[in-house]
Amino acid sequence: MRSAEPRTVQERARQALSDEFLRNAVKFTTERLRAGKQTASQEHGNWEEWRERARQIRLHTIAHLDYYLQEFVENARANGVQVHFADTAEEAAALTMDIAKQCGARSVVKSKSMVSEELHINQALQAGGVEAVETDLGEYIIQLANEPPSHIIIPAIHKNRYQIAELLSKEAGEELPPDTTALAGFVRRKLREKFLEADIGMTGCNFAIAESGSIVLFENEGNARMVTTVPRTQITLMGMERIIPTWDDLEVMATLLPRSATGQKLTVYMSGISGPRRAEDRDGPEQMHLIIVDNGRSLQLGDPHFQELLNCIRCGACLNACPVYRHIGGHAYGSTYSGPIGAVLKPALNKNVAEWDDIANASSLCGACYEACPVKIPLHDMLVYLRQRKVEQGVQSGEEKAGMKGFRYVMSSHKRYGRALRWGRVMQKLLLRDGVIKARIGPLKGWNQHRHTSPLPNKSFREGWQALERDIQRERTEMDEQIRERLHRHLNEREKGGVGDE
Amino acid sequence: MNEESRIKQDRFMQRIADRLGRPRLTEKPPHPHKGAPPDWRRFSLDREERIALFSENWQKAGGHVVRVPDLEAAKTYIAQKAKELGAYAIIRQNQPELNALDWQQALPEAEIVVWHSEQQKDLLRYAAGADIGITMAEYGIAYTGSLVCTSSGNQGRSVSLLPAVVMAILPAERIATRMGEVLAHFDGRPRAQFPAGIHFISGPSRSADIENDLTIGVHGPGVVFALIVG
Ligand code: SF4
């Protein structure tokens, strides 16, 4: 737990260095993933056709969600799964605790799950005296560091191997070399014990197949397989929108998700789990619980502008494509979900547009997220709607209102748009309102209730921001013609149809 | 808990229908966009192409491929590798193809435990400490370079997961071109025949979580062999 400001010169220097590392690491990683995605989508061919297919499947499922969710639940029950429903994060945590108590659990091993982050399950378990161990290598590292994940796919993107060696050495009780193989080897041994000791294995759920009541998990390390193979009891947390109708549909998702996330043809493991172990099986959970979570999701249903958020398959491609994310990393967003999807999802999940912040605003004018999204969620448009809602609800400052009017002006000319992309206005504002940023980069709003993060020094952030501005200028001077047209269309439609979101 | 859950379920579904602004759906809706695009379904490679593409993908992911003429040759190869690696503890599935081979004679020094319902040993712990796991793969997928293994009383999930090295035997005729061909085996399969675990495996366990540096064998096996028979 690190909460104090760095005191000595040495400490400050180290911190500044690590900030530089952070910036470089995020940039390097997102570039690597983005390039991987590009290659993988080109290699697959007909990418647009597949995106459209995936979008149609997701749209269809969400439009008939009551039917498919019901079908899924009935089949899961018939498979022997105990199904629970949670309206809120608190309810999901309470259900988890009930199950843990029922089976007298002392420890839980977990595979990576954004939903469990969203629900703060670890905190609930720990408060109840149950050890919760993250087993994904990156998650394990940041759990030891007591920090939130900074990327959907690579959660410890912001840590270098010296910092990791330091953390793991403490855990090992001996000095470990800052060598990837040695560090991973230690984690393998350490966590193997944890797997064998644990009473409960806890997973998220990438997809839930309605026709057979199965959950599907994608991963590379094998820890999700461990979690669903070794402990006696399994608890799976699932957002209520994770459904796809059939196994047939899984081919589309399995083609798009890994390629969009890391550029892989398929993750090393894709596992379909259909209930607890059968009577004659010798491994797999004896008891399987499924907690289906709403936590604000149903608010997006029936909302013409935000329903498509439920199509998200959590691939992280929009993060890697976003020039702002690439330069500042996930922590600056101050929520479980970062990047463009986080910028839209957070206020949408909370129905609280006041949360909408400057950093999210800064991601609103380029459209790279939509281009990258494998299910074609118009994130960019949503960012614009959110801004507009905020204007309507009078949350915005006068300056921002001017910005909104400015949007139309900007959109009306290609050249002007190019200029706006230099981010002058937004960036300057951010620089001036340094305090706000500091507050967000430091003990993060929303996060500091649950985790502790180390504050970044002001100066290095300011320098970093200037570098960001320069880089973005270099990178994207023009908007894609198609996006510009699409946005233009939307804007006109909205003007014709009047506003009125609620 | 169950009754409570039923009531909750009803409320959940009703809320969804309400938000969508219509009564609850009880009829299966037509699903016109089911599965992969139609053109893709026509994509089909011939046998040799499938073997080649599977091998290329499996190797690119960091796995090893060996092609052998028959099961006997697969056994000989595995035995030879086991000796080379100094493997002692071996676990294998209880599958007819494997049972037909004389493992004891091929590996007289090793301890070979067979996974099945009646096995006295603590199978999970044995597998966790095993050097090699041996399994037949049910299907292969050329396009993604994947093996598919399913669970049952005779086929532990642990066998392809816990040992340091996994040797999977894949008869050439089981390799499909596309994933969809394999998924079709599960689409609509009756519950009684549905395995609890279906595992698609596409290479050795890996992670790039430390400085983007690729590490092999993080939790699952670091060395995986696909022995293509035929
Ligand atoms: S919004 Fe699209 S690109 Fe972003 S995580 Fe979701 S599916 Fe991926």
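Residues numbered from 1 in each chain as written. Chains lettered and ligands numbered in written order. Predicted model: local features only at pLDDT ≥ 70, side-chain atom pairs only at ≥ 80, totals over all residues. Heavy atoms only, no water.

## Section: the overall build of chain B
As a reminder of what qualifies: Numbering goes from the N terminus for both helices and strands, where a helix is a DSSP run of H or I of at least four residues and a strand is a run of E of at least two. Only protein chains enter the area calculation, which uses a 1.4 Å probe; residues under 20% of their type maximum are buried, those over 50% are exposed, and those in between are partly exposed. We call two residues in contact when some of their heavy atoms are within 4.5 Å. Surface accessibility in these figures is a Shrake-Rupley result with a 1.4 Å probe; residues are shielded only by whichever protein chains are displayed.
When helices and strands are tallied, chain B shows eight helices and twelve strands. Here the C-alpha coordinates of chain B stretch approximately 70 × 45 × 45 Å along the principal axes. Split into buried and exposed, the 230 residues of chain B put 57% on the buried side. By sequence separation, contacts in chain B at least 24 residues apart represent 72% of the contacts at least 6 residues apart. When the accessible surface of chain B is split by element, carbon and sulfur atoms take 50% of a total near 9700 Å².

## Side note on the overall build of chain A
Scanning chain A for helices and strands turns up 23 helices and ten strands. Counting every position in chain A, which comprises 502 residues, the buried fraction comes to 65%. The contacts of chain A with a sequence gap of at least 6 include a subset with a gap of at least 24, amounting to 76%. Accessible surface, chain A as shown: approximately 17900 Å² in total, 49% of it carbon and sulfur.

## A few points about the sheet that holds strand E3 (residues 131–134) of chain A
Here is the rule: Here the rule is simple: two strands pair whenever DSSP picks up at least two bridges between them. Comment: axis = line fitted to C-alpha atoms, over the contacting stretch for helices; angle = value between 0 and 180 degrees taken between N-to-C directions.
Taken in spatial order, the six strands line up as E1-E10-E7-E4-E2-E3 (chain A) in an open sheet, and their pairing is parallel. A single partner strand is all that each edge strand has here, and the edge strands are strand E1 (82–86) and E3 of chain A. Going across the sheet, the axis of each strand differs from the next one's by a mean of 20°, ignoring polarity. Pairing of E1 of chain A with strand E10 (residues 287–293) of chain A involves five bridges; the strand directions are parallel. Among the inter-strand pairings, Val83 of chain A is bridged to a residue of E10 of chain A, identified as Leu290 of chain A. Each of E1 and E10 of chain A is contacted by helix H1 (residues 2–19) of chain B, which is oriented at about 50° to E1 of chain A, the strand it contacts most.

## Some details on the site of the ligand
Put simply, the rule is: Throughout, the term near means that a residue has one or more heavy atoms lying within 4 Å of the molecule or strand in question. Residues are grouped as follows: Ala, Val, Leu, Ile, Met, Phe, Trp, Tyr, Cys and Pro are nonpolar; Asp, Glu, Lys and Arg are charged; all remaining types, including Gly, are polar.
Around the ligand sit 13 residues, and of these Cys312, Cys315, Gly316, Cys318 and Cys373 of chain A come closest. For the shell around the ligand, the per-class residue count stands at eleven nonpolar, one polar and one charged.

## Quick look at the UniProt feature "domain: LUD" (unreviewed entry) in chain B
Rules: UniProt positions are given in the numbering used here, feature names are shortened, and annotations may be inferred rather than shown by experiment.
As recorded in UniProt, the feature "domain: LUD" (unreviewed entry) lies at residues 52–229 of chain B. Annotated as 24% helix and 30% strand, the span residues 52–229 of chain B places its first and last C-alpha atoms 13 Å apart.

## Observations concerning the interface of chain B and chain A
Just so we agree on the cut-off: Accessible-area loss on putting two parts together, using a 1.4 Å probe and summing over both, is the definition of buried area adopted here. The rule for a salt bridge is simple: a side-chain nitrogen of Lys or Arg has to be within 4 Å of a carboxyl oxygen of Asp or Glu. Residues adjacent in sequence count toward polar contacts only when both atoms are side-chain atoms; beyond that, a polar contact is any pair of N or O atoms within 3.5 Å, and within protein one must be able to donate a hydrogen and the other to accept it.
Contacts between chain B and chain A engage 94 residues on the former and 111 residues on the latter. In this assembly, chain B packs against chain A so that about 8500 Å² is buried in total across both faces, 53% of it on carbon and sulfur atoms. Three residues stand out in chain B for area buried against chain A, namely Asp209, Ile210 and His219 of chain B, and they jointly supply 10% of the buried area on that side. The tally of links between chain B and chain A comes to ten salt bridges. Among the ionic pairs, Glu91 of chain A bridges to Lys8 of chain B, the shortest N-O distance being 2.0 Å. The interface formed by chain B and chain A contains 67 residue pairs in polar contact (both at pLDDT 80 or more). The greatest single-element share of the side of chain B that touches chain A, amounting to twelve residues, is contributed by H1 of chain B. By residue class, the composition of the side of chain B that touches chain A is 38 nonpolar, 32 polar and 24 charged.

## Brief notes about helix H4 (residues 71–85) of chain B
Residues and elements named next belong to chain B. Note the following rule: One less than the number of residues in a helix, times 1.5 Å, gives the span that helix is expected to have. The arc under discussion is defined with respect to the helix axis, by the directions toward the C-beta atoms.
Its 15 residues give H4 an end-to-end C-alpha distance of 21 Å, which sits within 8% of 21 Å, the value for a rise of 1.5 Å per residue. Residues Ala74, Lys75, Ile78, Ala79, Lys81 and Ala82 constitute the buried set of H4. One side of H4 carries all its buried residues, which in axial view fall inside an arc of 165°. Facing away from the buried side of H4 by more than 90 degrees, the exposed set consists of Lys83 and Glu84. Where H4 is buried, its residues meet strand E1 (64–68), strand E2 (89–93), helix H6 (103–106), strand E4 (132–136), strand E7 (165–171) and strand E12 (223–229). In the stretch just after H4, Gly86 is the one whose phi turns positive, near 65°.

## A word on the environment of Arg55 of chain A
Residue and element names in this part refer to chain A. Among the structural elements, Arg55 can be located in helix H2 (residues 47–63). Distance from Arg55 to Cys312, taken between C-alpha atoms, is 9.5 Å for residues 257 residues apart in sequence. With residues up to four places along the chain from it excluded, the contact list for Arg55 reads Glu308, Asn311, Val375 and Lys376.

## Describing the sheet that holds strand E5 (residues 207–209) of chain A
Sheet architecture is open: eight strands sit in the order E8(A)-E5(A)-E6(A)-E9(A)-E9(B)-E6(B)-E5(B)-E8(B), paired in mixed fashion. Looking at which strands have only one partner, the edges of the open sheet turn out to be strand E8 (243–244) of chain A together with strand E8 (175–176) of chain B. Its contacts with the sheet put helix H11 (residues 247–261) of chain A on E5, strand E6 (214–219), E8 and strand E9 (269–273) of chain A together with strand E9 (197–201) of chain B, and the angle it makes with E6 of chain A is roughly 20°.

## Quick notes on the nonpolar core
One recurring pattern in soluble globular proteins is that nonpolar side chains are buried together. The following threshold applies: We define the nonpolar core as a collection of buried residues of types Ala, Val, Leu, Ile, Met, Phe, Trp, Tyr and Cys that are connected through side-chain atoms lying within 4.5 Å of one another.
Counting 92 residues, the largest nonpolar core has Leu250 of chain A together with Phe200 of chain B as its most contacted members. The residues contacting Phe200 of chain B, other than those within four sequence positions of it, are Leu266, Val268, Tyr269 and Met270 of chain A together with Ile141, Leu147, Val148, Met179, Val182 and Leu183 of chain B. One finds Val109, Phe195 and Met226 of chain A together with Val113 of chain B within the second-largest nonpolar core, a separate group that totals 38 residues.

## Structural notes on the pairing of E12 of chain B
All names here are of chain B. With respect to burial, E12 is a largely interior element, six of its seven residues being buried. Where E1 and E12 come together, five bridges link them in parallel fashion. The partner of Val68 across the bridge, within E12, is Val229. Where E7 meets E12, seven bridges bridge the pair, whose relative direction is parallel. Within E12, the residue paired with Met167 across the bridge is Phe225.

## Some points on the side chain of Thr61 of chain A
Residues and elements named next belong to chain A. Tracing the sequence through the fold places Thr61 in helix H2. Judged by relative accessible area, which is 0%, Thr61 ranks as buried. Setting aside anything within four residues of it in sequence, one finds Thr61 in contact with Tyr68, Ile243, Ile244 and Pro245.

## Quick notes on the packing of helix H8 (residues 161–172) of chain A against helix H9 (residues 180–197) of chain A
All names here are of chain A. The line we're drawing: The handedness criterion is simple: a crossing whose near helix is rotated anticlockwise from the far helix by less than a right angle is left-handed, and one whose near helix is rotated clockwise is right-handed.
Closest axis-to-axis distance for the H8/H9 pair is 11 Å, and the angle between their directions is 35°. With respect to the hand of their crossing, H8 and H9 are arranged in left-handed fashion. Each of Arg161, Ile164, Ala165, Leu168, Glu171 and Ala172 in H8 lies in contact with H9, whose residues at this interface are Thr180, Leu183, Phe186, Val187 and Lys190. The residue makeup of the contact of H8 with H9, split by class, is seven nonpolar, one polar and three charged.

## Re unusual backbone geometry
Residue and element names in this part refer to chain A. Of note in the backbone geometry, Asn46 takes a positive phi value of approximately 50° without being a glycine. Structurally, the position occupied by Asn46 is in the loop between helix H1 (9–44) and H2. Residues other than glycine seldom take positive phi values, yet Asn295 does so here, at roughly 45°. For Asn295, the position within the fold is in the loop between E10 and helix H12 (317–321).

## Brief notes about H1 of chain B
The terminal C-alpha atoms of H1 of chain B lie 26 Å apart, and with 18 residues this matches the ideal 26 Å at 1.5 Å per residue to within 8%. Residues of H1 of chain B that are buried make contact with helix H3 (65–78), E1, helix H4 (89–102) and E10 of chain A. Note on H1 of chain B: the residue one or two positions beyond its end, Gly21 of chain B, has a positive phi of about 70°.

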